Amino acid sequence: MTDLETRTAGRPGALRRAAPALLGYAAVRALGLLVLALWSAARDKSAYTLLTARWDSLWYTRVAELGYGYEVRLPNGDVHSNLAFFPLLPWLERLGAAVSPLSYADAGFVVSLLASLAAAWGIFAVAEHLYGRRAGVCAVLLWAVLPVGIVQSMAYSESLFTALAAWALYAVLTGRWVTAGLLAAPAGLTRPVGLAVAAAVWTAAVVAFVRTRSVTAPDGARDAGRAPGDGARRVLGAVLAPLGAAGYVLWVGHRTGKGPFGYLDVQAGWRNGFDGGVAFARFVAGRFTSFPSALAGVALVIGVVLLIGLYVVGVRQRQPLPLLVYTGIVVVLALCASSYFGSKPRLLMPAFPLLLPLALALARLRTSRSALVVGGMAVASAVYGAFWLNGSGPP
């Protein structure tokens, strides 16, 4: 079967199976937006402005409107260049504004809403494929009620990236090699962590190649059950996967005149880099210098331990290797980057496979108990999101 034929064969009933997850996800996000609107109104702020016209949202819309080349030089010598922002979201904002009366910010908000639903569906598809429908619904709801889940409704790139990553991983798990490559490439045009999606595709391709080499017929011939052309599709998918990230990074290097490492210089202007977690460890240690901040330090330590613990559980539950590679890279890049520490929770948002062990545990509960757990978490997430976004919020 070709990739297209395989996709068509698995399509009937797919939306119907995912409907409970998507409806539950939409309900959680609607609650979050409602609480944000009420909280913002009480503080005489615009919830829509908070969602579409602050922090990174402004940088994305500026790229959509004016293109690349804008930068801000700070008194301390730092240079904040919009080349740090990958282009897929601004391209979609520009497209939305071109074909509709929407502004760039409006288009970014619409893209985020649609992408968040696509991400929820992709997470469901992965979890259902591995553990069944009930676990798939639970995985989506857990992703929806993350403490910083409000970011999923912002004109940011997290939802768009997670959608592309989740569906690329699903394509990998189901042997749709070309589809996986075609989804991994735009994921690489969305965020720097697109490398994780390409790595997952490469990992799966290598594992499949080794298996096909080792599985032979009694006379030494290749396994006759293998689909004709599967090897070529696998190679094509692996070739396509890194093209988005590599293309943009190389273009930035050419534009800045710094060669292949030019993008690292751009990130350095934002004081972003990879230091193996040294800066983050110092930040956490600094929380323990006084009593009030020590509570935050304890929470951070517990959070990191929980992340590592969930990853270890995923290994023990034998999650597919591509998922473990993808999740590991996302977590390492988030925790070991020397970027603004307040952004780390949202940088971890695409690491949805970490939620699969929790989804399995939640799926084993009675429906009434699981609904009570998710409902409580949804309320807490909505309140925290409104408080967070009306305060410091995501940088």
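The structure presented is a predicted model; accordingly, all values stated were derived computationally and were not measured. (Residues numbered from 1 in each chain as written. Predicted model: local features only at pLDDT ≥ 70, side-chain atom pairs only at ≥ 80, totals over all residues. Heavy atoms only, no water.)

Looking at this structure, how should I read the overall build of the protein chain?
The helix and strand tally for the protein chain stands at 19 helices and 2 strands. Against the compact-globule benchmark of 21 Å for 395 residues, the protein chain has a radius of gyration of 22 Å, which places it among compact chains. Projected onto its principal axes, the C-alpha positions of the protein chain cover 75 × 60 × 50 Å. For the protein chain, buried positions account for 49% of its 395 residues. Of the accessible surface of the protein chain, which amounts to about 18,300 Å², a share of 69% is contributed by carbon and sulfur atoms. If you average the places of the 33 positive and of the 16 negative side-chain charges in the protein chain, the two averages end up 8 Å apart. (Helix = DSSP H or I, 4+ residues; strand = E, 2+ residues; numbered from the N terminus. Rg over C-alpha atoms; globule rule 2.2 N^0.38 Å. Buried < 20%, exposed > 50% of the residue type's maximum accessible area, 1.4 Å probe, protein only. Areas by Shrake-Rupley, 256 points an atom, 1.4 Å probe, with all protein chains shown as cover. Lys, Arg positive; Asp, Glu negative; His and termini not counted. Charge placed at Lys NZ, Arg CZ, Asp CG, Glu CD.)

Is there a simple way to explain the nonpolar core in this structure?
One broad rule of soluble globular proteins: the nonpolar side chains tend to lie buried together. Core analysis: the biggest nonpolar cluster contains 106 residues, and L36, W143, V151, V197, Y248, Y326 and F352 have the highest contact counts within it. Counting residues per element, this core draws most heavily on helix α8 (residues 158-173), which supplies 12 residues. In this structure, V151 is in contact with S112, Y156, E158, S159, R346, M349, W388 and P394, ignoring residues within four places of it in sequence. (Core = buried A, V, L, I, M, F, W, Y, C linked by side-chain atoms within 4.5 Å. Contact = heavy atoms within 4.5 Å.)

Please explain the packing of helix α12 (residues 243-256) against helix α13 (residues 262-269) as it appears in this structure.
If you want to describe how two helices pack, look at the angle between their axes and the distance between the axes. α13 packs onto α12 with a crossing angle of 80° between their chain directions and a minimal axis gap of 7 Å. It follows that α12 is roughly perpendicular to α13 by the angle criterion. Of α13, the residues touching α12 (which contributes Y248, V249, V252, G253 and T256) are G262, Y263 and V266. Among the residues making up the contact of α12 with α13, the classes are represented as 5 nonpolar, 3 polar and no charged. (Axes fitted to C-alpha atoms, helices over the stretch in contact; angles between N-to-C directions. Parallel < 35°, antiparallel > 145°, perpendicular 65-115°, else oblique. Nonpolar A, V, L, I, M, F, W, Y, C, P; charged D, E, K, R; others polar.)

Help me understand a nonpolar patch on the surface, please; the structure alone is not making it clear to me.
On the surface, a cluster of nonpolar side chains totalling about 450 Å² of accessible area is made up of L195, W202, F274, V332 and L333. Of all the elements in the fold, those that place two or more residues in the nonpolar patch are α10 (194-214) and α16 (321-335). On the secondary structure map, F274 appears in the loop between α13 and α14 (278-286). (Patch = residues over 30% accessible without salt bridge, like charges linked within 9 Å, V, L, I, M, F, W, Y side chains within 5 Å. Salt bridge = Lys/Arg side-chain N within 4 Å of Asp/Glu carboxyl O.)

Sorry if this is basic, but what is going on with the environment of G297 here?
Residue position: G297 is located in helix α15 (residues 291-316). Separated by 12 residues in the primary sequence, G297 and A285 have C-alpha atoms spaced 7.1 Å apart.

Help me understand unusual backbone geometry, please; the structure alone is not making it clear to me.
As a rule of thumb, non-glycine residues mostly have phi less than zero, and peptide bonds are mostly trans rather than cis. Of note in this structure, W55 is not a glycine but carries a positive phi near 55°. With respect to the helices and strands, the residue W55 is situated in the loop between α3 (47-52) and α4 (56-66). Here W55 falls in the partly exposed class, since its relative accessible area comes to 22%.

So what exactly am I meant to see when it comes to α15 here?
Owing to its 3.6 residues per turn, the α-helix brings residues three or four apart onto one side. For α15, which comprises 26 residues, the first-to-last C-alpha distance of 37 Å matches the rise-based estimate of 38 Å (1.5 Å per residue) to within 8%. For α15, the set of buried residues is S293, A294, G297, L307, L310 and G314. On its buried side, α15 packs onto α14, α16 and α18 (356-363). (Expected span 1.5 Å × (residues − 1).)

Before we go on, may I ask you to explain the packing of aromatic side chains in this structure?
Each aromatic ring pair is specified by the distance between its two centres and by the angle formed by the two planes. Evaluated as defined, the whole model comprises 18 aromatic pairs. Both rings, one in W59 and one in F85, keep their centres 5.6 Å apart while their planes meet at 15°; by these two values the pair is stacked. Of this pair, W59 sits in helix α4 while F85 is found in the loop between β2 (79-81) and α5 (88-99), placing the two residues 26 residues apart along the sequence. Just as W59 is buried, F85 falls in that class too. Both rings, one in F86 and one in Y263, keep their centres 5.3 Å apart while their planes meet at 90°; by these two values the pair is edge-to-face. Taken as a pair, F86 in the loop between β2 and α5 and Y263 in helix α13 lie far apart in primary sequence, 177 residues in all. With relative accessibility at 3%, the residue F86 sits in the buried group. One aromatic cluster is present, formed by W59, Y60, Y70, F85 and W270 through successive ring pairs. The lysine or arginine in question, R62, covers the ring of W59, its NZ or CZ lying 5.7 Å from the ring centre. Sitting over the face of the ring of F280, K344 holds its NZ or CZ atom 5.2 Å from the ring centroid. (Phe/Tyr/Trp six-rings, centres within 6.5 Å; stacked < 30°, edge-to-face > 60°. Lys NZ or Arg CZ within 6 Å of the ring centre and 35° of its normal.)

Would you take a moment to explain the confidence of the model for the protein chain for this structure?
For residues with low pLDDT, the predicted coordinates do not support detailed interpretation. Per-residue pLDDT for the protein chain averages 90, and the proportion of residues at 70 or more is 93%. Summarising per-element confidence for the protein chain, the mean pLDDT is lowest in helix α1 (residues 3-9) (42) and highest in α8 (98). Confidence drops under pLDDT 50 across residues 217-225; counting only partners more than four residues distant or on other chains, this segment forms 8 contacts. (pLDDT = per-residue confidence, 0-100.)

When you look at α12 in this model, what are you seeing that I'm missing?
Taking 1.5 Å per residue as the helical rise, α12 with its 14 residues ought to reach 20 Å, and the 20 Å between its terminal C-alpha atoms agrees with that figure. Those residues of α12 that sit buried are G244, A245, Y248, V252 and G253. Buried residues of α12, seen end-on, are gathered within an arc of 160° and therefore sit on one face of the element. Residues of α12 that are buried sit in contact with α9 (177-188) and α13. Phi for G257, located one or two positions after α12, is positive at around 75°. (Arc of directions from axis to C-beta.)

Sorry, what's going on with the pattern of salt bridges here?
Two side chains bearing opposite charge may form a pair once their charged atoms approach each other closely. In total, this model carries 8 salt bridges according to the counting rule given. Of the charged contacts, one joins R73 and E71 as a salt bridge, the two residues approaching to 3.0 Å between their closest N and O atoms. R73 sits in the exposed class, given a relative accessible area of 61%. Judged by its relative accessible area of 35%, E71 falls in the partly exposed class. With a shortest N-O distance of 2.5 Å, R346 and E158 are connected by a salt bridge.

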